[in-house]
Amino acid sequence: MSIPFNRPYLVGRELHNIAQAHADGHLSGDGMFTRRCHAWLEQRIGARRALLTHSCTGALEMAAILLGLRPGDEVIMPSFTFVSTANAFVLRGAVPVFVDIRPDTLNIDETLIESAITPRTRAICVVHYAGVACEMDAIMDIAARHGLEVVEDAAQAIFSSYKGRALGGIGDLAALSFHETKNVIAGEGGALLVNDPALVERAEIIREKGTNRSKFFRGEVDKYTWVDLGSSYLPSELVAAFLAAQLEQGDDITARRLAIWQRYHAWAEPLEAQGVLRRPVIPAACTHNAHMYYILLNDSAQRDAFIARMKAAGIGTVFHYVPLHSSPAGRRYARAHGSMRHTDRVSDCLVRLPLWIGLEDHQDHVMQVAGGILADHGVFGAWSQSGCGNAADGTEGW
Ligand SMILES: *Cc1c(COP(=O)(O)O)cnc(C)c1O
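For every chain, the first residue of the written sequence is number 1, and numbering continues from 1 onward in sequence order. Predicted model: local features are reported for residues with pLDDT of at least 70 only, side-chain atom pairs are reported and counted for 80 or more only, and whole-chain, interface and lining totals are derived from all residues. Side-chain numbers here rest on the full set of heavy atoms in the structure, without hydrogens or water.

Quick word on the overall build of the protein
Strands here mean DSSP runs of E at least two residues long; helices mean DSSP runs of H or I at least four residues long; both are numbered from the N terminus. Along the backbone of the protein there are 14 helices and 13 strands. Computation of the radius of gyration draws on C-alpha atoms alone. For the globule rule, the value is 2.2 Å times the number of residues to the power 0.38. Relative to a compact globule of 398 residues, whose C-alpha radius of gyration would be 21 Å, the protein shows 22 Å and is just as compact. For the C-alpha atoms alone, the extent of the protein along its principal axes is close to 75 × 55 × 35 Å. Within the span of the protein, comprising 398 residues, buried residues form 54% of the whole. We call two residues in contact when some of their heavy atoms are within 4.5 Å. For the protein, the proportion of contacts with a sequence separation of at least 24, taken over those separated by at least 6, is 71%. Carbon and sulfur atoms make up 53% of the accessible area of the protein, which amounts to about 16100 Å² in all. Separation of charge centres in the protein, based on 37 positive and 44 negative side chains, amounts to 3 Å. Buried means the residue's accessible area, taken with a 1.4 Å probe over protein chains only, is under 20% of the maximum for its type, while exposed means over 50%, and partly exposed covers the values in between. Shrake-Rupley sampling with a 1.4 Å probe provides the accessible areas, and residues are treated as covered by the protein chains on show and by no other component. Just so you know, the count uses Lys and Arg for positive and Asp and Glu for negative, and it drops His and the chain ends. A single reference atom marks each charge: NZ on Lys, CZ on Arg, CG on Asp, CD on Glu.

Here we look at the sheet that holds strand 9 (residues 190-194)
In this analysis, strands are considered paired if DSSP registers two or more bridges between them. Ordered by their spatial adjacency, eight strands build an open sheet running 1-9-8-5-4-2-3-12, and the pairing between neighbours is mixed. Each of the sheet's edge strands pairs with one partner strand only, and the pair in question is strand 1 (49-53) and strand 12 (335-336). Sheet analysis places strand 5 (residues 149-153) next to strand 8 (residues 173-177), joined by three bridges and oriented parallel. Its bridge partner lying in strand 8, V151 is registered against L173. An axis is simply a line fitted to the C-alpha atoms; with a helix, the fit covers only the stretch in contact. Between two such axes, the angle follows the N-to-C directions and lies from 0 to 180 degrees. Helix 2 (residues 32-45) contacts strand 1, strand 8 and strand 9 of the sheet and is inclined by roughly 135 degrees relative to strand 1.

Digging into the pairing of strand 5
In terms of residue burial, strand 5 counts as a mostly covered element, since four of its five residues are buried. Across five bridges, the pairing between strand 4 (residues 121-127) and strand 5 is parallel. Across the sheet, V126 pairs through a bridge with E152, a residue of strand 5. Here a crossover is taken to be right-handed if, once the strands point away from the viewer, the path from the first strand over the helix to the second is traced clockwise. Regarding the hand of the β-α-β motif, the stretch spanning strand 4, helix 6 (residues 136-146) and strand 5 is right-handed.

Comments concerning the side chain of H342
Positionally, H342 belongs in helix 13 (residues 341-349). Counted as a polar contact is a pair of N or O atoms within 3.5 Å, where, for protein atoms, one must be capable of donating a hydrogen and the other of accepting one, and residues adjacent in sequence contribute only when both atoms are in side chains. Within the structure, H342 has its side chain in polar contact with the side chain of R341 (distance 3.5 Å). Once you skip the residues sitting within four places of it in the chain, H342 turns out to touch D100, I101 and P103.

Some remarks on the site of the ligand
We call a residue near a molecule or strand whenever a single non-hydrogen atom of that residue lies within 4 Å of it. Close to the ligand lie 14 residues; T57, D153, Q156, S177 and K182 are nearest. C56 is positioned with one of its backbone polar atoms (N or O) 2.9 Å from an oxygen atom of the ligand. Here D153 contributes a side-chain N or O atom positioned 2.8 Å from a nitrogen atom of the ligand. Bound to the protein, the ligand loses 92% of the 390 Å² it would expose on its own.

Side note on the sheet that holds strand 10 (residues 286-287)
If you trace the three strands from one edge of the open sheet to the other, you get 7-6-10, paired in antiparallel fashion. In this open sheet, the two strands that pair with only one neighbour each are strand 7 (165-166) and strand 10. Across two bridges, the pairing between strand 6 (residues 161-162) and strand 7 is antiparallel. Its bridge partner being in strand 7, Y162 is matched across the sheet by R165.

Quick notes on the environment of H54
As for its position among the elements, H54 is in the loop between strand 1 and helix 3 (56-66). Each C-alpha atom of the pair H54 and P235 lies 4.8 Å from the other, and the pair is 181 residues apart in sequence.

Thoughts on the domain arrangement of the protein
Partitioning the protein into domains gives domain 1 (14-249) and domain 2 (251-380). Here the C-alpha centroids of domain 1 and domain 2 sit 26 Å apart. In this assembly, 44 residues from domain 1 lie in contact with 37 residues from domain 2. Here the quantity called buried area is the total loss of accessible area, with a 1.4 Å probe, experienced by two parts when brought into contact, counted for both. When domain 1 packs against domain 2, the two sides together hide about 3500 Å² of surface, and 56% of this comes from carbon and sulfur. In terms of surface lost to domain 2, no three residues of domain 1 exceed F98, D100 and N183, which account for 18% of the buried area on that side. By definition here, a salt bridge exists when the distance from a side-chain nitrogen of Lys or Arg to a carboxyl oxygen of Asp or Glu is within 4 Å. Inspection of the region where domain 1 meets domain 2 yields two salt bridges. Two residues, R335 and E74, come together in a salt bridge whose shortest N-O distance is 2.9 Å. The interface formed by domain 1 and domain 2 holds 26 residue pairs in polar contact (both at pLDDT 80 or more) in total. Looking at the side of domain 1 that touches domain 2, the elements with two or more residues in it are helix 4 (83-90), strand 3 (95-99), helix 5 (113-116) and strand 6. Here the side of domain 1 that touches domain 2 takes five residues from strand 3, the largest share from any one element. Residue ranges labeled as domains rest on an automatic or database domain assignment.

Concerning helix 10 (residues 250-273)
Over its 24 residues, helix 10 runs 34 Å from end to end, which matches the ideal 34 Å to within 8%, given 1.5 Å per residue. Where helix 10 is concerned, the buried positions are G250, I253, T254, R257, I260, W261, Y264, H265, W267, A268 and L271. The elements touched by buried residues of helix 10 are helix 9 (237-248), strand 11 (293-296), strand 13 (350-353) and helix 14 (363-374). Phi turns positive one or two residues past the end of helix 10, at G275, with a value near 80 degrees. Helices are assigned an expected span. That span is 1.5 Å times one less than the residue count.

Observations regarding helix 13
Owing to its 3.6 residues per turn, the α-helix aligns residues three or four sequence positions apart on the same side. Taken together, the buried positions of helix 13 are occupied by H342, T343, R345, V346, S347 and C349. In this structure, the buried residues of helix 13 make contact with strand 11, helix 11 (300-312) and strand 13.

See the structure below:
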């Protein structure tokens with residue numbers, strides 16, 4: 001039996017919606033289904049304005065344009081993230097400044113942000129890793145005191161919350177992803193959430209090739225023309241039709257993923273007690289969307305051996321991420337502020353287990369195989385029997 005790391009889930013109405021978009025005769029962007037997605041996101045997340053994009057990457061690029069970044073401006077962010085978080089700002093000539101992550105949530109360490117601020121700092125871009133919120137109260141407070149904008153890379157975080165507030169609705173701007181590896185999918189897709197009302201009109205213009213087309217369609221101007229920077233960031237109605245079906249089943253998707261997540265979490269508890277691995281930490285102020293289940297092994301040799309043995313057993317698992325500060329482009333376009341020791345260690349030790357709707361039928365098998373591999377004490381958990389000790393070579397335990 002072969003179990004993939006990911007399998008895209010269909011709620012059932014996607015193809016029906018696509019047929020309806022075709023029957024209605026509107027396949028380019030901003031038709032009825034796009035409006036339905038916008039209204040749904042605005043209501044559900046509390047964003048002032050939601051705008052579908054062709055990807056989260058595109059939404060982050062729009063955010064970087066909206067911030068009016070100039071060459072040499074700095075944006076503080078974690079290094080432990082996907083390339084688009086940094087690339088979007090580098091495209092404007094800005095410099096990502098990386099700070100280390102917290103070892104518990106693997107999110108940006110908010111206590112390190114202030115010391116990374118310079119006269120060139122313009123924004124903080126946070127990433128809610130695995131759909132678990134960053135410490136947004138502290139981060140918004142730092143931003144307010146220093147006059148910085150906050151962008152949430154909420155690619156993984158739809159349906160998660162922080163102190164009762166939906167992620168994506170807290171920063172000045174936020175970006176969602178509907179890539180097929182995320183919880184709610186459209187193949188490729190994303191959304192920019194504009195929470196600062198002063199940025200709404202310009203966001204519409206940037207998304208529509210730098211024209212005031214949105215105003216024209218609302219009858220607010222009698223012709224449309226080129227008024228600002230922009231590109232084509234909007235998806236077609238085919239994508240929006242697919243996405244509308246998924247969004248409307250979002251609560252069901254989240255509940256089913258959470259059930260799988262909880263089973264992994266219960267399975268991993270005794271392994272954590274034995275020091276074989278460390279489980280995800282969910283702070284009390286956060287609800288999460290079960291975007292991923294990861295485990296942290298004790299070093300990269302264990303992690304690589306685990307992935308290889310799972311693969312040999314026909315089960316797909318993956319690591320995350322090559323830290324951006326040590327990647328070729330990261331070294332060229334960005335800089336690290338201070339030690340990256342948690343980033344480096346997590347990226348050495350983290351492995352994601354399969355988590356997709358339909359896995360329910362195979363999850364016992366995955367846990368049984370993984371448990372069998374981790375029971376090889378010659379390889380796994382050898383040094384850390386107490387669960388939190390330090391290895392003889394001085395390596396920290398989890
Ligand atoms: C998936 C992801 C992205 C990119 O999303 P796309 O829709 O593929 O562009 C950006 N940031 C993070 C943190 C992600 O997980």
